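# Notes for the structure review
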2 protein chains.
Amino acid sequence: MAEYHGLSHIFTTTETSLYNNLFKSPNPPFHSPTALILEISPNPFPQTNHTTTNFVPIIKNNYNFDNLEILDHELETYRSKFNGHGHDNSNNCNVYVAGLVLVYPSYSSFFEKPGLFLDQMFVRKCYRGMKFGKLLFSAVAMQAQKMGMGMVELFVADWNEETINFYEKMGAHYILEYRLYNLYGDQLQAFGKKSD
Amino acid sequence: MAEYHGLSHIFTTTETSLYNNLFKSPNPPFHSPTALILEISPNPFPQTNHTTTNFVPIIKNNYNFDNLEILDHELETYRSKFNGHGHDNSNNCNVYVAGLVLVYPSYSSFFEKPGLFLDQMFVRKCYRGMKFGKLLFSAVAMQAQKMGMGMVELFVADWNEETINFYEKMGAHYILEYRLYNLYGDQLQAFGKKSD
């Protein structure tokens with residue numbers, strides 16, 4: 001993702017940092033940062049045991065991909081360790097991660113509405129062109145509706161024509177050209193020191 | 001605010017819609033959309049009774065504005081109804097609203113950090129040039145630090161040189177040029193129908 005945007009130099013995510021910064025909220029899904037993982041399997045999905053996890057599948061469909069040639073060279077890397085009943089480290093889980101979307105609840109003064117902010121949507125390269133992006137985005141839009149929210153907000157880099165076309169096809173309206181500013185690191189810490 | 005951005009045509013906020021969409025969260029402040037109101041008074045502020053409200057003043061300072069000429073033609077409109085002990089409709093409260101900032105908790109995949117998203121910051125025209133913007137922004141940055149967050153994110157319209165200069169002076173880094181897209185109204189509802 002960082003590579004895609006040419007921003008690898010400021011990208012420092014590790015498995016540990018993700019673990020520390022996400023998924024620790026006591027809130028139910030979609031009331032704090034929430035990831036939807038797109039998993040695929042050549043077999044029917046195992047029955048999910050809801051009582052042992054706070055994970056509930058949003059959409060579960062059987063698509064027929066028999067006529068598509070999928071060549072995933074990184075199958076093992078993306079093999080899911082979640083077999084429907086908890087984590088399974090035995091590597092006998094025939095389920096693979098093809099993409100994800102990460103959202104959090106937002107609010108817009110302009111639209112005077114609460115909404116979902118789509119922070120990241122990613123479909124792995126070998127799974128593009130199969131309408132998985134539409135599937136993920138639909139799940140987000142349907143969730144926003146279900147929660148009585150008025151919008152799904154997102155930002156696209158202005159050079160990213162392909163993604164702009166995608167969201168326009170999804171029905172999203174182009175509102176404004178913005179610059180993203182971020183106060184972090186030493187500059188952020190300087191504010192903390194002032195309050196000592 | 002909508003006028004300032006030339007977007008009055010899509011702006012539909014009313015007092016009722018604000019009431020319905022904000023301030024109903026059971027979460028403590030800064031765990032859902034939270035507004036900081038900048039109030040000023042020629043008199044010392046009344047003692048705040050914390051036990052009757054969930055409002056806690058973040059910064060309370062006595063600045064000397066004696067050498068500044070403040071001419072607020074809309075004093076009555078912006079007279080605060082909050083006298084420190086609850087709402088007071090008797091109009092004898094000598095406190096006035098000069099500005100506000102509205103934030104909500106966010107998360108950035110790039111920065112792999114939770115943060116505060118600054119949705120809106122506004123200082124009324126007759127109170128500009130008095131460093132109130134810096135005061136509000138500092139309160140947000142200090143709050144982000146206090147909560148162990150790694151950033152304060154914000155977006156500025158690319159034509160808005162004055163605001164860009166302000167945030168750069170505050171230490172914020174310009175990251176990317178973005179387009180804001182928003183799925184709302186009929187286009188959003190269309191996704192709900194698909195799931196029926």
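Residues numbered from 1 in each chain as written. Chains lettered and ligands numbered in written order. Predicted model: local features only at pLDDT ≥ 70, side-chain atom pairs only at ≥ 80, totals over all residues. Heavy atoms only, no water.

### A short note on the sheet that holds strand β3 (residues 113–123) of chain A
Read from one edge of the open sheet, 10 strands run β1(A)-β2(A)-β3(A)-β4(A)-β5(B)-β5(A)-β4(B)-β3(B)-β2(B)-β1(B), paired in mixed fashion. Here the strands that pair on one side only, and so sit at the sheet edges, are β1 (34–40) of chain A together with β1 (34–40) of chain B. Averaged over all pairs of adjacent strands, the angle between strand axes in this sheet comes to 35°, irrespective of strand direction. Its contacts with the sheet place helix α2 (residues 132–146) of chain A against β1, β2 (96–108), β3 and β4 (151–157) of chain A together with β5 (173–184) of chain B, and it is angled at close to 160° to β3(A). Its contacts with the sheet put helix α3 (residues 161–169) of chain A on β3, β4 and β5 (173–184) of chain A together with β5 of chain B, and the angle it makes with β4(A) is roughly 160°. (Pairing = 2+ DSSP bridges. Helix = DSSP H or I, 4+ residues; strand = E, 2+ residues; numbered from the N terminus. Axes fitted to C-alpha atoms, helices over the stretch in contact; angles between N-to-C directions. Contact = heavy atoms within 4.5 Å.)

### Here we look at the pairing of β5(B)
Pairing geometry for β4(A) and β5(B), over seven bridges, is antiparallel. Looking at the pairing, Val152(A) lines up with Leu183(B) of β5(B). In this structure, β5(A) lies alongside β5(B), joined through nine bridges in antiparallel fashion. Within β5(B), the residue paired with Leu176(A) across the bridge is Leu180(B).

### Examining the interface of chain B and chain A
Often, the extent of an interface is quoted as the loss of accessible area upon association of its parts. Across the contact, 68 residues belong to chain B and 68 residues belong to chain A. Between chain B and chain A, roughly 7100 Å² of surface is buried when both sides are summed, and carbon and sulfur atoms account for 62% of that area. When the buried surface of chain B facing chain A is broken down by residue, Tyr107(B), Leu180(B) and Tyr181(B) rank first, second and third, together holding 13% of it. For the salt bridge of Glu177(A) with Arg179(B), the shortest nitrogen-to-oxygen distance reads 3.7 Å. Linking chain B with chain A are 23 residue pairs in polar contact (both at pLDDT 80 or more). Where the side of chain B that touches chain A is concerned, the elements lending two or more residues are α1 (15–21), β2 (96–108), β3 (113–123), α2 (132–146), β4 (151–157), α3 (161–169), β5 and α4 (185–194) of chain B. Looking at the side of chain B that touches chain A element by element, the count peaks at 12 residues for β5(B). Across the side of chain B that touches chain A, the residue classes break down as 39 nonpolar, 21 polar and eight charged. (Buried area = accessible area lost by both parts, 1.4 Å probe. Salt bridge = Lys/Arg side-chain N within 4 Å of Asp/Glu carboxyl O. Polar contact = N/O pair within 3.5 Å; in protein donor to acceptor, adjacent residues only side chain to side chain. Nonpolar A, V, L, I, M, F, W, Y, C, P; charged D, E, K, R; others polar.)

### A look at the relation of the copies chain B and chain A
Under the fitted operation, chain B is carried onto chain A by 0.0 Å of movement along the axis and a turn of 180°, and the coordinates agree to an RMSD of 0.0 Å. These values place the two chain copies in the arrangement generated by a two-fold rotation axis. If distances are taken from each C-alpha of chain B to the rotation axis, the shortest is found for Tyr178(B), at 2.5 Å. When the interface residues of chain B are mapped onto chain A, 100% of them again fall at the interface, so both copies present the same face. (Least-squares fit on C-alpha atoms with pLDDT ≥ 70 in both.)

### Details of the pairing of β1(A)
Residue and element names in this part refer to chain A. Judged by which residues are buried, β1 turns out to be one-sided: Thr 34, Leu 36, Leu 38 and Ile 40 face inward and are buried, whereas Ala 35, Ile 37 and Glu 39, on the alternate face, are not. The pairing of β1 with β2 spans seven bridges and is classified as antiparallel. Each bridged residue has a counterpart across the sheet, and for Glu 39 the counterpart in β2 is Val 97. (Buried < 20%, exposed > 50% of the residue type's maximum accessible area, 1.4 Å probe, protein only.)

### Some thoughts on the packing of aromatic side chains
Tallying each qualifying case throughout the model produces 25 aromatic pairs over all chains. Seen in terms of ring centroids, Tyr104(B) and Phe117(B) are 5.1 Å apart; in terms of plane orientation they differ by 10°. Their pairing is stacked. With a gap of 13 residues between them, Tyr104(B) in strand β2 and Phe117(B) in strand β3 connect regions that are remote in the sequence. The exposure class of Phe117(B) is buried, given its relative accessible area of 5%. One aromatic cluster is present, built from ring pairs that chain together Tyr104(A), Phe117(A), Phe155(A), Tyr178(A), Tyr104(B), Phe117(B), Phe155(B) and Tyr178(B). In this structure, Arg124(B) packs its charged tip against the face of Tyr78(B), placed 3.5 Å from the ring centre. (Phe/Tyr/Trp six-rings, centres within 6.5 Å; stacked < 30°, edge-to-face > 60°. Lys NZ or Arg CZ within 6 Å of the ring centre and 35° of its normal.)

### As for unusual backbone geometry
Not every positive phi belongs to a glycine, and Phe30(A) is a case in point at roughly 75°. Structurally, the position occupied by Phe30(A) is in the loop between α1 (15–21) and β1.

### Let's talk about the pattern of salt bridges
Residue and element names in this part refer to chain A. Here the structure, examined in full by the defined rule, presents 10 salt bridges over all chains. Residue Glu 76 pairs with Arg 79 through a salt bridge whose shortest N-O separation is 2.8 Å. Here Glu 76 falls in the partly exposed class, since its relative accessible area comes to 48%. One network of salt bridges, with partners in common, ties together Asp 72, Glu 74 and Arg 124.

Coordinates in, geometry out; function isn't part of it.
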